[in-house]
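Analysis of the macromolecular model
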Amino acid sequence: MKQEVISFEDIKQFQSRSEQFHPLSWYRDMLLNEPVSYSETSNTWNVFKYKDVKRVLSDYEYFSGEGDRTTTSVKISEDNFSDNKVHTMTLDPPNNRKGRMLLASAFTPRSLTNWEPRINQVAKNLVDQLDADEVIDVVQAISTPMPAIVMSDLLGIPSPDVQLFKNWVDILFLPYKKEEEESIDQKKNIAIQEFFTYLRPIITEKRSNLDDDIISDLIRAEVDGERLNDKEIIEMTMAILGAGIETTSHMISTTFYSLLYDDKNLYTELHTQPELIPNAVEEMLRYRFQMGRRHRTVKKDHELFGVKMKKGDVVIAWMGAANVDEDMFDDPFTLNIHRANNHQHLTFGKGAHFCLGAPLARLELKIVLENFLKKFSKIEAMPSFDLENNLTDAATGQTLTYLPLKATK
Ligand code: HEM
């Protein structure tokens, strides 16, 4: 099924990229004045309060992940894909069960423990290349390469092919643009074909030499006596890439942005007390991962939020707004890494589709910070940096293309 992408601009037009990058004043306004509102231009309901967002994301009796309109702006042409269990994200329970269980077999706590030293090595290699007292562009040096290298390593892609792999990833997840839809789809279709051709022999080889990587885990996975065929494994691999690369890059960039601009003492605090890093990671996900939103389609007429929603209506749940709802978080518009309940943010969703990669994303950010903090005692922003001119459209909203800093040993 070809889905219609709901354009973000039809819901809200910001004055600038920087405003969209961290739209706290819009969220404040919506939470206060229009917590459940209808947008005529996008033809969608929008919900902002924590408890409502949580319900929309998790209550499958009323809200479905299936439907022909989507907020997922990185769309891969569906023509190449089979309509089957692989598409966990667009199937409601219980139909998503098998696919989710098969996919989850690659994301067990054991996998994560095994992956930690490998991820640490990737982060260490990247940080080792950085010099003190020179301008470091965090986007180029860490946020962009890190998730792609980690994912290709965890998938079991041979290391000489990482750049090849990254080029496909860049094309496959080019953000959706209405006016360039056809040419983008064309590029994506070519990249998909190349990716399939590249991955097939790797899977064949792994079937006879299982290893400690995600593709091998997907080959081993069995639910109700059913296993994945090669095509399904490739599709799952692509789903993992689509869900996990850009999001993780964005998370790393915004965290460094926050350390430079939100609270200038925070880097020193983390340097002297690295045990605070895990809670800092949660607070960054709550406070800085701001364009989080997911769509659902109304399954039956109801009046759950004091308005009449009709079967077939689309509802957008704004996790970024829910994360600054003062009914849930005290003093929500302040970054506070000591906040006790910040892990309850909704950045990774809620319910049947809760992000399978959440532990991996958290681990990547923790490891990047640990390595950076180990090497450098101080970081400072560059006075000439101009946020507005260093942002670009992305699936995650506005994301940084450049973030310079100077670090001291
Ligand atoms: C900061 C990074 C990330 C964020 C903010 C994020 C966010 C999300 C959200 C909000 C959902 C739920 C979608 C819904 O309810 O409709 C989701 C699902 C998912 N995520 Fe993530 N994600 C991140 C990283 C990752 C990574 C690193 C991976 C894998 C390597 C991953 C794999 C998945 C998968 C497979 C699903 C679908 C689960 C299902 O439908 O059952 N994500 N993610």
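To keep things clear, this report deals only with the structure shown in the data block. (Residues numbered from 1 in each chain as written. Predicted model: local features only at pLDDT ≥ 70, side-chain atom pairs only at ≥ 80, totals over all residues. Heavy atoms only, no water.)

1. Some thoughts on the overall build of the chain
- The helix and strand tally for the chain stands at 15 helices and 12 strands.
- Taken against the 2.2 N^0.38 rule, which gives 22 Å for 409 residues, the C-alpha radius of gyration of the chain at 21 Å falls within 12% of a compact globule.
- Reported as C-alpha extents along the three principal axes, the dimensions of the chain are approximately 60 × 60 × 40 Å.
- Across the 409 residues of the chain, 55% fall into the buried class.
- Contacts in the chain between residues at least 24 apart in sequence constitute 75% of all its contacts with a sequence separation of at least 6.
- Split by element, the accessible area of the chain, about 17,800 Å² in all, is 49% carbon and sulfur. (Helix = DSSP H or I, 4+ residues; strand = E, 2+ residues; numbered from the N terminus. Rg over C-alpha atoms; globule rule 2.2 N^0.38 Å. Buried < 20%, exposed > 50% of the residue type's maximum accessible area, 1.4 Å probe, protein only. Contact = heavy atoms within 4.5 Å. Areas by Shrake-Rupley, 256 points an atom, 1.4 Å probe, with all protein chains shown as cover.)

2. What to know about the site of the ligand
- Around the ligand, the structure places 26 residues, and the nearest of them are Arg100, Arg294, Arg296, His353 and Cys355.
- Within the side chain of arginine 294, one N or O atom sits 2.8 Å away from an oxygen atom of the ligand.
- Interatomic distance of 2.7 Å between a side-chain N/O atom of histidine 353 and an oxygen atom of the ligand.
- The element contributing the most residues to the shell around the ligand is helix H11 (residues 230-261), with 6 residues.
- Taken together, the residues that form the shell around the ligand break down as 15 nonpolar, 8 polar and 3 charged. (Near = heavy atom within 4 Å. Polar contact = N/O pair within 3.5 Å; in protein donor to acceptor, adjacent residues only side chain to side chain. Nonpolar A, V, L, I, M, F, W, Y, C, P; charged D, E, K, R; others polar.)

3. Thoughts on the packing of helix H7 (residues 145-155) against H11
- At a closest axis distance of 8 Å, the pairing of H7 and H11 adopts a crossing angle of 150 degrees. As H7 runs across H11, the sense of the crossing is right-handed. Contact residues: H7 offers Met146, Pro147, Ala148, Met151 and Leu155, while H11 offers Thr237, Ile240, Leu241, Ile245, Thr248, Ser249 and Ile252. (Axes fitted to C-alpha atoms, helices over the stretch in contact; angles between N-to-C directions. Left-handed = near helix turned anticlockwise from the far one by under 90°.)

4. So, the sheet that holds strand S6 (residues 135-137)
- What the 3 strands build is an open sheet, ordered S6-S12-S9; its pairing is antiparallel. Single-partner strands in this sheet number two, and they are S6 and strand S9 (378-381). Within the sheet, the average angular offset between the axes of one strand and its neighbour, ignoring direction, is 40 degrees.
- Contacts between H11 and the sheet are confined to S9 and strand S12 (404-408), with S9 contributing the most and set at about 85 degrees to the helix. (Pairing = 2+ DSSP bridges.)

5. Remarks on the coordination of the iron atom of the ligand
- There is one protein donor for the iron atom of the ligand, namely Cys355 (SG), at 2.3 Å.
- Tracing the sequence through the fold places cysteine 355 in the loop between helix H14 (319-322) and helix H15 (358-375). (Donors = N, O, S within 2.8 Å, 3.2 Å for Na, K, Ca; no water.)

6. Things to note about the side chain of serine 253
- Relative to the elements of secondary structure, serine 253 occurs in helix H11.
- Overall, serine 253 belongs to the buried group, its relative accessible area being 3%.
- Within polar-contact distance, the side chain of serine 253 engages the side chain of serine 143 at 2.9 Å.
- The residues touching serine 253, leaving out its near neighbours within four places in the chain, are Val139, Ser143, Leu400 and Leu403.

7. Topic: the packing of aromatic side chains
- Taken as a whole and judged by the stated rule, the model has 21 aromatic pairs.
- Seen from their ring centres, phenylalanine 14 and tryptophan 26 are 5.7 Å apart, and the 90 degrees between their planes marks the pair as edge-to-face. With a gap of 12 residues between them, phenylalanine 14 in the loop between strand S1 (4-5) and helix H1 (17-21) and tryptophan 26 in helix H2 (residues 24-33) connect regions that are remote in the sequence. Per residue, the accessibility class of phenylalanine 14 equals that of tryptophan 26, and both read buried.
- Each ring, one from tyrosine 38 and one from tryptophan 45, has its centre 4.9 Å from the other, and the planes form 70 degrees; the classification is edge-to-face.
- Residue tyrosine 38 is classed as partly exposed on the basis of its relative accessible area, which comes to 33%.
- A relative accessible area of 11% means that tryptophan 45 is categorised as buried. (Phe/Tyr/Trp six-rings, centres within 6.5 Å; stacked < 30°, edge-to-face > 60°.)

8. Remarks on the side chain of histidine 250
- With respect to the helices and strands, histidine 250 occurs in helix H11.
- Not counting residues up to four positions away in its chain, the partners in contact with histidine 250 are Phe21, Phe289, Thr396, Gln398 and Thr399.

9. Focus: the sheet that holds strand S4 (residues 63-64)
- Spatial ordering of the open sheet is given by S2-S3-S8-S7-S4, a layout of 5 strands whose pairing is mixed. Both outer strands of the open sheet, strand S2 (36-39) and S4, are each paired with one neighbouring strand and no more.
- Direction of pairing for strand S3 (residues 44-47) relative to strand S8 (residues 314-318): parallel, over a ladder of 4 bridges. When the sheet's bridge partners are listed, asparagine 46 is paired in S8 with isoleucine 316.
- Along the sheet face, helix H3 (residues 50-58) touches S2, S3, S4, strand S7 (293-298) and S8 and points at about 125 degrees away from the line of S8.

10. Brief notes about the packing of H11 against H15
- As a packed pair, H11 and H15 sit with axes 10 Å apart at the nearest point and diverge in direction by 40 degrees. By the criterion of interaxial angle, the relationship of H11 to H15 is oblique. Between H11 and H15 lies a crossing of right-handed hand. Facing Thr248, Met251, Ile252, Thr255, Phe256 and Leu259 of H11, the residues of H15 in contact are Ala361, Glu364, Leu365, Val368, Leu369 and Phe372.
- Grouping the constituent residues of the contact of H11 with H15 by class yields 9 nonpolar, 2 polar and 1 charged. (Parallel < 35°, antiparallel > 145°, perpendicular 65-115°, else oblique.)

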